[in-house]
Amino acid sequence: MHLTGSVIRPPSEADSILIQATLGCSHNTCAFCGAYTGKPFRVVPEADVEAALDFAATYCRRQRRVFLCDGDAMVLSVNRLTRLLGRIREKLPFVNRVSAYANAKSLRTKSEDELAALRGLGLHTLYMGLESGDQDTLSAMGKADTAADIVAAGQKVRRAGLRLSVTVLLGLAGIERSGLHAERTGAALSEMDPDQAAALTLMLVPGTPLHADWKAGRFALPDARGMLGELATLLAHTHLSRGLFLANHASNFLPLKLRLPRDKDTALALIGRALAGDVPLRPDYVRAL
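Residues numbered from 1 in each chain as written. Predicted model: local features only at pLDDT ≥ 70, side-chain atom pairs only at ≥ 80, totals over all residues. Heavy atoms only, no water.

1. So, the pattern of salt bridges
Link 1 in the chain: All chains considered together, the criterion is met by 21 salt bridges.
Link 2 in the chain: Between arginine 80 and glutamate 46 there is a salt bridge whose closest N-O contact spans 3.7 Å. You can see arginine 80 sitting in helix H2 (residues 78–91) and its partner glutamate 46 sitting in helix H1 (residues 46–59), a full 34 residues away along the chain.
Link 3 in the chain: Residue classification places arginine 80 among the buried positions, given a relative accessible area of 13%.
Link 4 in the chain: Within the structure, one salt-bridge network assembled from shared partners comprises Glu50, Asp54, Arg87, Glu90 and Lys91. (Salt bridge = Lys/Arg side-chain N within 4 Å of Asp/Glu carboxyl O. Helix = DSSP H or I, 4+ residues; strand = E, 2+ residues; numbered from the N terminus. Buried < 20%, exposed > 50% of the residue type's maximum accessible area, 1.4 Å probe, protein only.)

2. Side note on the UniProt feature "domain: Radical SAM core" (unreviewed entry) in the chain
Link 1 in the chain: Mapped onto this numbering, the UniProt entry annotates "domain: Radical SAM core" (unreviewed entry) at residues 9–238.
Link 2 in the chain: Summarising residues 9–238: 42% helix, 18% strand, and an end-to-end C-alpha distance of 25 Å. (UniProt positions renumbered as here; feature names shortened; annotations may be inferred.)

3. Observations regarding the nonpolar core
Link 1 in the chain: Formed by 70 residues in total, the largest nonpolar core has its most connected members in Met74, Leu92 and Phe245.
Link 2 in the chain: In terms of residue count, the dominant contributor to this core is helix H9 (residues 224–236) (six residues).
Link 3 in the chain: Once residues lying within four places of it in the same chain are set aside, the contact partners of leucine 92 are Ile17, Leu53, Ala56, Ala57, Val66 and Arg87.
Link 4 in the chain: One finds Cys30, Met141, Leu210 and Phe219 within the second-largest nonpolar core, a separate group that totals ten residues. (Core = buried A, V, L, I, M, F, W, Y, C linked by side-chain atoms within 4.5 Å. Contact = heavy atoms within 4.5 Å.)

4. Observations concerning the pairing of strand S9 (residues 243–246)
Link 1 in the chain: Because side chains alternate across S9, one face comprises the buried residues Gly243 and Phe245, and the other comprises Leu244 and Leu246, equally buried.
Link 2 in the chain: Where strand S8 (residues 196–201) and S9 come together, three bridges link them in parallel fashion. Paired with glutamine 196 across the two strands is leucine 244, which belongs to S9.
Link 3 in the chain: Here S9 pairs with strand S10 (residues 257–260) via four bridges, running antiparallel. Across the sheet, residue phenylalanine 245 finds its bridge partner in S10, namely leucine 258. (Pairing = 2+ DSSP bridges.)

5. Digging into helix H6 (residues 147–159)
Link 1 in the chain: For H6, spanning 13 residues, the distance from its first C-alpha to its last is 19 Å, which sits close to the expected 18 Å at 1.5 Å a residue.
Link 2 in the chain: All of the buried residues in H6 are Ala147, Ile150, Val151, Ala153, Gly154, Lys156 and Val157.
Link 3 in the chain: Contacts from the buried residues of H6 go to helix H3 (104–108), helix H4 (112–120), strand S6 (123–131), helix H5 (135–140), strand S7 (163–170) and helix H7 (178–192).
Link 4 in the chain: Remark: glycine 161 follows H6 within two positions and exhibits a positive phi of approximately 90 degrees. (Expected span 1.5 Å × (residues − 1).)

6. Observations regarding the environment of alanine 104
Link 1 in the chain: Structurally, alanine 104 can be placed in helix H3.
Link 2 in the chain: Alanine 104 sits 20 residues away from histidine 124 along the chain, and the two C-alpha atoms are 17 Å apart.
Link 3 in the chain: Leaving out residues up to four positions away in the same chain, alanine 104 has contacts with Met128, Asp145, Asp149, Ile150 and Ala153.

7. Section: the packing of aromatic side chains
Link 1 in the chain: The tally for this structure, following the rule as stated, stands at four aromatic pairs.
Link 2 in the chain: Seen in terms of ring centroids, phenylalanine 55 and tyrosine 59 are 4.7 Å apart; in terms of plane orientation they differ by 40 degrees. Their pairing is tilted. Here tyrosine 59 and phenylalanine 55 lie together in helix H1, a separation of four residues that amounts to about one turn.
Link 3 in the chain: Between phenylalanine 67 and tyrosine 101 the ring centres are 5.2 Å apart and the planes differ by 85 degrees, which places this aromatic pair in the edge-to-face class. With a gap of 34 residues between them, phenylalanine 67 in strand S4 (residues 65–69) and tyrosine 101 in strand S5 (residues 97–102) connect regions that are remote in the sequence.
Link 4 in the chain: Every member of this aromatic cluster is reached through a ring pair, and the members are Phe67, Tyr101 and Tyr127.
Link 5 in the chain: The ring of phenylalanine 253 has arginine 287 lying over it, and the distance from NZ or CZ to the ring centre is 3.9 Å. (Phe/Tyr/Trp six-rings, centres within 6.5 Å; stacked < 30°, edge-to-face > 60°. Lys NZ or Arg CZ within 6 Å of the ring centre and 35° of its normal.)

8. A word on the packing of H7 against H9
Link 1 in the chain: Contact geometry for H7 and H9: axes closest at 7 Å, N-to-C directions at 35 degrees. Here H7 and H9 pass one another in a crossing that is right-handed. Judged by residue contacts, Ser178, Gly179, His181, Ala182, Glu183, Thr185, Gly186 and Leu189 of H7 engage Glu230, Thr233 and Leu234 from H9. (Axes fitted to C-alpha atoms, helices over the stretch in contact; angles between N-to-C directions. Left-handed = near helix turned anticlockwise from the far one by under 90°.)

What follows is the structure in structure tokens.
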């Protein structure tokens, strides 16, 4: 199967069949993101997608999931997504779930009923990047959607019966707005009430505007203790009805995997012990994006 450029997918989609329905990201100006540098956004021709499905039908029969790449597959029209999900069901009958990244802009063009119809055709999980619930932080980072737009889109996804996974970024507001970023991000997650929330730790990528700001002294990245304090504040302000809260990405200093609300107090106590120096942190040399 031919895949163009570097392919980014969620850790939980590691065993999925990767089908590039789009290339790159239709926004691609977030100051912290270097995922799609040098890959202009475009929709992949249906003939090329069909060829990828043919390959998967022959060589990927042990896999049960499909992830639609790249960063903006849900920007496709409902008609195009309907055809694609139908072809997946026809050509890959052994697949039991299809997932994709989504953003507020791409979801704004789709009604709740249309999303529910796509769910009926096999769409299972949408991954959204909230990054921060603090609007000043989102604006500074060049995020296309507002915090309110992202929250509303996530709520629509949940109402449509789709599984929702939301990612946030520790450290994104720098040192100065760290507390506000954490509090408002926890509040936004609570409003979205996703099935899964994942907190990653910001790692500056050379070549991005944010890395340039850091080099020039315009952005101050919190240290390990600052990131842990931010995680504690975020978690304290996150109130999910039920669901997973993950901070076990390779970028994080203290790997956590908990189910909310059951495990919140235990996790906060563990973070407190780590801040006191009683729990070892993941060293910088093994942390990665």
